[in-house]
Amino acid sequence: MSQPELTVAMPAYNVASFIREALDSVLAQCEVDLELIVVDDASTDQTASIVSRIDDPRVRLLRNEERSGIAACHNRVVRESRARFIAHVDADDKITKPYACRRLLDRIKASDDLGQVHCHHFRIDEDGLATREAFRAHRRYQLKTRTPGRDYRFALLAEGAVMNHLRLYRKKVLQEVGPFDESIHFGVDYDMALRILERYEIDVVPEVMYAVRKHERNTTALRFQALRFWLQRARITRRLEKRGQITYTLRSPYDRRRLLLGGFIQLVGLPRFFRRLGLQVYRVRVGAVRGMLRALDRAYRAFGLLMSWWPLPKGAPRKSAPSKIGYYLWHFPVGSQTFIRREIGALEDHGVPITIFADDHEAIDPPDETTREWRRKTTYLNELDTGARRAFRRSLLRQRPVTMASLFLYTLFHRYGYYKTAAEDLQVFDRAISLAGSLLDQGVTHLHSPWADRCAFVSMIASRMAGIPYSVEARAHDLHREQSRYGLAPRLSAARFVVTNSEYNRDHVLSIVGPRAAGRVHRVYEGIRLEEFLGRRGRERRDPPCILTVARLIEEKGLVHLLYAADELRRRGRPFRMEVVGGSEIPKYAN
């Protein structure tokens, strides 16, 4: 069976009255080789029976034994899909134009930066009817407000529901950003769109091609419905930000708090209130609020600079060799960081006990048993329950109250990144408490940070809380990117020792911490065990050797030097073949 171009996902629950029309509409799509996967979410009516009677090889019916929710249905389709693109269609709606999927596919294929596209829609009633006036009014509204090239980061945070119903995704994007969150009861697509925007863009095809059916079973009737949706948006964005799955909300113009505040002002009707009074002061008021928040941010940062002399409490006095080492990272295991796994494995092979701590794991299913094993042996701080966090906080305050107070002030007064807020400082300090408590709970005697970025700052604070030494590695973005250099000198200077991977980087570290620290800065080359990659010896080689490089196509990987070396081999008459596997990085990094 050939691979289809598109998978259409159709979750279904008790929609026997409407699903046949939705199925026929999908199967009538023109110029698209598609498969249609219907996930029956434990319906109690004839929904599954209607689908099973469809005599079309493109239709597949999957049945859940018990009701699992829309997110679980989406995730099941992603796992079962054979296509590179996945479109979502509601089982009680219908696509009205037979070229809708073709238009969406053409749009998303036009740019590799796009991770999701959607189109305009109109509303129909339970009988599939709409008035001409309602159709035209809704069309004018969408063409005016939902235009191509829209800033969806801003719109999703400030307005919320700006995504139309027929959505088409790249399958690889869904695999990269992680599955739909099955713990969310509503706002599943909103959560996914926010995560997609961390790496990709979203756009709209400005054509009315989809009909949304409104009937009493799919119309949410809740008291304070708009307020509940606003609160859910606030919960979703805060959780994604805390997990590190979105970072653009930490900086202007997408500051989460400001945009959600603007959305709340719109929600409670202040603009309408002022218009009724004949006062055009809403923009002034919103501008005043935003100006006040910006002034508070500037005052907070200025006060931090004024108090940046605040010292870091002295570290642990112990000098003995550590008996148990803890590694702390943001995410672990990460597919692109095999060198860290090799490093930990080499230490364990030499009899050094290692305990791994991470904020969270990657939001993708483990691709192999080895990765699953790494996950099982890692302690994830985000998974600690509230009781454990509260117990760590009480214990540390009781044992080292002065040190804890001093470390709290140090966190407030010192920079660890390009931009920081009071809320972010509290999160960093709370993360350090969770890490310190976990270190003491598991008997770790030395803490190591494989990165010199914010992970090293959290490690430095946590090591002081726990009364144990810490060390740090500095090798790449954490050492050379402008956004990672803030507060780098204290993080390196406070470490028991610093490890880097080249003489160039060692000299750079010494230029930061000073020549007196030369005895604490060690160069350890990164490498691999060649015997794992060598083929059989003695085999006759007929083809020229192949030089294989797997890397992101960015300047810091040094691929230009590889090309220079290849050119030198060519000029010397050495036969070879070179393959470079990689792609551009999204989002693109900048200094």
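Keep in mind the model is a prediction, meaning the values are calculated, not measured.

> Kindly report on the sheet that holds strand β11 (residues 378-380), identifying the contributing residues and their values.
Spatial ordering of the open sheet is given by β11-β10-β9-β12-β13-β14-β15, a layout of seven strands whose pairing is parallel. At either margin of the open sheet sits one strand with a lone partner, and together these are β11 and β15 (521-523). Pairs of neighbouring strands in the sheet enclose a mean axial angle of 25 degrees, with direction left out of account. Note that strand β12 (residues 446-449) and strand β13 (residues 470-473) share three bridges and pair parallel. Directly across from serine 449, in β13, lies its bridge partner valine 472.

> Account for a positive patch on the surface, naming residues and giving values.
The grouping of Arg294, Arg298, Arg301 and Arg415 at the surface amounts to a positive patch. If you trace the backbone, arginine 415 turns up in the loop between α16 (401-413) and α17 (422-441).

> Could you give an account of the pattern of salt bridges, with specific residues and numbers?
Within the structure shown, the criterion is met by 39 salt bridges. A single salt-bridge network, built from bridges that share partners, covers Asp567, Glu568, Arg570, Arg571 and Arg572.

> Break down the environment of arginine 491 for me, with residues and values.
On the secondary structure map, arginine 491 appears in helix α20 (residues 488-493). Assessed through its relative accessible area of 0%, arginine 491 is described here as buried. Sequence separation between arginine 491 and alanine 456 is 35 residues; the distance between their C-alpha atoms is 6.4 Å. Separated by 2.8 Å, the side chain of arginine 491 and the backbone oxygen of alanine 452 make a polar contact.

> Account for helix α13 (residues 338-349), naming residues and giving values.
The periodicity of an α-helix, 3.6 residues per turn, causes residues three or four places apart in sequence to face the same way. The terminal C-alpha atoms of α13 lie 16 Å apart, and with twelve residues this matches the ideal 16 Å at 1.5 Å per residue to within 8%. By the burial criterion, the buried members of α13 are Phe339, Ile340, Arg341, Ile344 and Gly345. Check the buried side of α13 and you find it contacts β9 (325-331), β10 (354-360) and α14 (369-376). Immediately downstream of α13, the backbone of glycine 351 shows phi near 85 degrees, a positive value.

> Residue-level account of the side chain of glutamine 232, with values.
Relative to the helices and strands, glutamine 232 is located in helix α9 (residues 225-243). The exposure class of glutamine 232 is buried, given its relative accessible area of 10%.

> Describe the side chain of threonine 249, listing the residues and the values that go with them.
Here threonine 249 is to be found in the loop between α9 and α10 (256-267). The exposure class of threonine 249 is buried, given its relative accessible area of 2%. A distance of 2.6 Å separates polar atoms of two side chains, one belonging to threonine 249 and the other to glutamate 241. Excluding residues within four positions of it along the chain, threonine 249 makes contact with Leu157, Glu241, Tyr254, Asp255 and Arg256.

> Just give me the short version of the environment of lysine 377, but keep the residues and values in it.
Positionally, lysine 377 belongs in the loop between α14 and β11. Residue lysine 377 is classed as partly exposed on the basis of its relative accessible area, which comes to 34%. Measuring from C-alpha to C-alpha, the distance between lysine 377 and threonine 355 comes to 7.7 Å, with 22 residues separating the pair along the chain. When near neighbours in sequence (up to four residues on either side) are disregarded, lysine 377 contacts Glu348 and Ile356.

> Explain helix α4 (residues 100-109) to me, and be specific about the residues and the numbers.
Restricting attention to buried positions, one finds in α4 the residues Ala100, Cys101, Arg102, Leu104, Leu105 and Ile108. Its buried side turned inward, α4 meets β1 (6-12), β4 (85-88), β5 (94-95), β6 (114-124), β7 (167-170) and β8 (201-213).

> I'd like a rundown of the packing of helix α15 (residues 386-399) against α17, residues and numbers included.
Direction vectors running N to C along α15 and α17 enclose 85 degrees, while the axes themselves pass 9 Å from each other. The orientation of α15 with respect to α17, classified from their angle, is roughly perpendicular. Along the contact surface, α15 presents Arg389, Phe392, Arg393 and Leu396, while α17 presents Asp430, Ile433, Ser434, Ala436, Gly437, Ser438, Leu440 and Asp441. By residue class, the composition of the contact of α15 with α17 is five nonpolar, three polar and four charged.

> Talk me through the sheet that holds β7; I want residue IDs and the actual numbers.
Reading across from one edge, β3-β2-β1-β4-β7-β6-β8-β5 is the order of the eight strands in this open sheet, with mixed pairing throughout. Edge strands, defined here as strands with exactly one partner in the open sheet, are β3 (59-63) and β5. As paired strands, β1 and strand β2 (residues 34-40) are joined by seven bridges and run parallel to one another. Along β2, the bridge assignment pairs proline 11 with valine 39. Contacting β1, β4, β5, β6, β7 and β8, α4 runs over the sheet at an angle of about 150 degrees to β6. Sheet strands in contact with helix α5 (residues 132-145) are β6 and β8, and its direction is about 155 degrees off that of β6.

> Quick one: what's the story with the pairing of strand β16 (residues 546-550), residue by residue and with numbers?
Across five bridges, the pairing between β16 and strand β17 (residues 577-581) is parallel. Directly across from valine 550, in β17, lies its bridge partner valine 581. At this point the chain moves from β16, through helix α22 (residues 559-571), to the parallel β17, and the crossover so formed is right-handed.

> Mind laying out the packing of aromatic side chains, listing which residues take part and the relevant values?
Under the definition given, this model contains ten aromatic pairs. Here the aromatic rings of tryptophan 309 and tryptophan 310 are separated by 5.5 Å at their centres, their planes lie at 45 degrees, and the arrangement is tilted. Exposure remark for tryptophan 309: the relative accessible area of 55% places this residue in the exposed category. Measuring from centroid to centroid gives 5.9 Å for phenylalanine 339 and tryptophan 451, while their planes differ by 80 degrees, and the two rings are edge-to-face. Placement of the pair is phenylalanine 339 in helix α13 and tryptophan 451 in the loop between β12 and α18 (454-466), with a sequence separation of 112 residues. Both residues of the pair, phenylalanine 339 and tryptophan 451, belong to the buried class. Aromatic rings pair up to connect Trp309, Trp310 and Phe413 into one cluster. Above the face of the tyrosine 13 ring, arginine 67 is positioned so that its terminal group lies 3.5 Å from the ring centre. Arginine 475 extends its terminal NZ or CZ atom over the ring of tryptophan 451, reaching a point 4.9 Å from the ring centre.

> An account of the nonpolar core is needed here, citing residue identities and associated values.
Among the nonpolar cores identified, the biggest contains 43 residues, and Tyr328, Leu435, Leu447, Ile461, Met465, Val472 and Leu492 are the most heavily contacted of them. The set of elements that each furnish at least two residues to this core consists of α15, α16, α17, α18, β13, α20 and α21 (503-513). The element best represented in this core is α18, accounting for nine residues. Here tyrosine 328 is in contact with Phe357, Asp359, Leu381, Arg431, Leu435, Leu447, His448, Ser449, Pro450, Cys455, Val458 and Ser459, once residues within four sequence places are set aside.

> If you had to explain unusual backbone geometry to someone new, which residues and values would you point to?
The omega angle of the peptide bond from phenylalanine 332 to proline 333 is -10 degrees, so this bond is cis rather than trans. Structurally, the position occupied by proline 333 is in the loop between β9 and α13. Although it is not a glycine, asparagine 14 sits at a positive phi angle of roughly 50 degrees. As for its placement among the helices and strands, asparagine 14 is situated in the loop between β1 and α1 (19-27). Residue classification places asparagine 14 among the buried residues on the basis of a relative accessible area of 19%.

How each quantity is defined
Residues numbered from 1 in each chain as written. Predicted model: local features only at pLDDT ≥ 70, side-chain atom pairs only at ≥ 80, totals over all residues. Heavy atoms only, no water. Pairing = 2+ DSSP bridges. Helix = DSSP H or I, 4+ residues; strand = E, 2+ residues; numbered from the N terminus. Axes fitted to C-alpha atoms, helices over the stretch in contact; angles between N-to-C directions. Patch = residues over 30% accessible without salt bridge, like charges linked within 9 Å, V, L, I, M, F, W, Y side chains within 5 Å. Areas by Shrake-Rupley, 256 points an atom, 1.4 Å probe, with all protein chains shown as cover. Salt bridge = Lys/Arg side-chain N within 4 Å of Asp/Glu carboxyl O. Lys, Arg positive; Asp, Glu negative; His and termini not counted. Charge placed at Lys NZ, Arg CZ, Asp CG, Glu CD. Buried < 20%, exposed > 50% of the residue type's maximum accessible area, 1.4 Å probe, protein only. Polar contact = N/O pair within 3.5 Å; in protein donor to acceptor, adjacent residues only side chain to side chain. Expected span 1.5 Å × (residues − 1). Contact = heavy atoms within 4.5 Å. Parallel < 35°, antiparallel > 145°, perpendicular 65-115°, else oblique. Nonpolar A, V, L, I, M, F, W, Y, C, P; charged D, E, K, R; others polar. Right-handed = clockwise from strand over helix to strand, strands pointing away. Phe/Tyr/Trp six-rings, centres within 6.5 Å; stacked < 30°, edge-to-face > 60°. Lys NZ or Arg CZ within 6 Å of the ring centre and 35° of its normal. Core = buried A, V, L, I, M, F, W, Y, C linked by side-chain atoms within 4.5 Å.

Just geometry here; none of it tells us what the structure is for.
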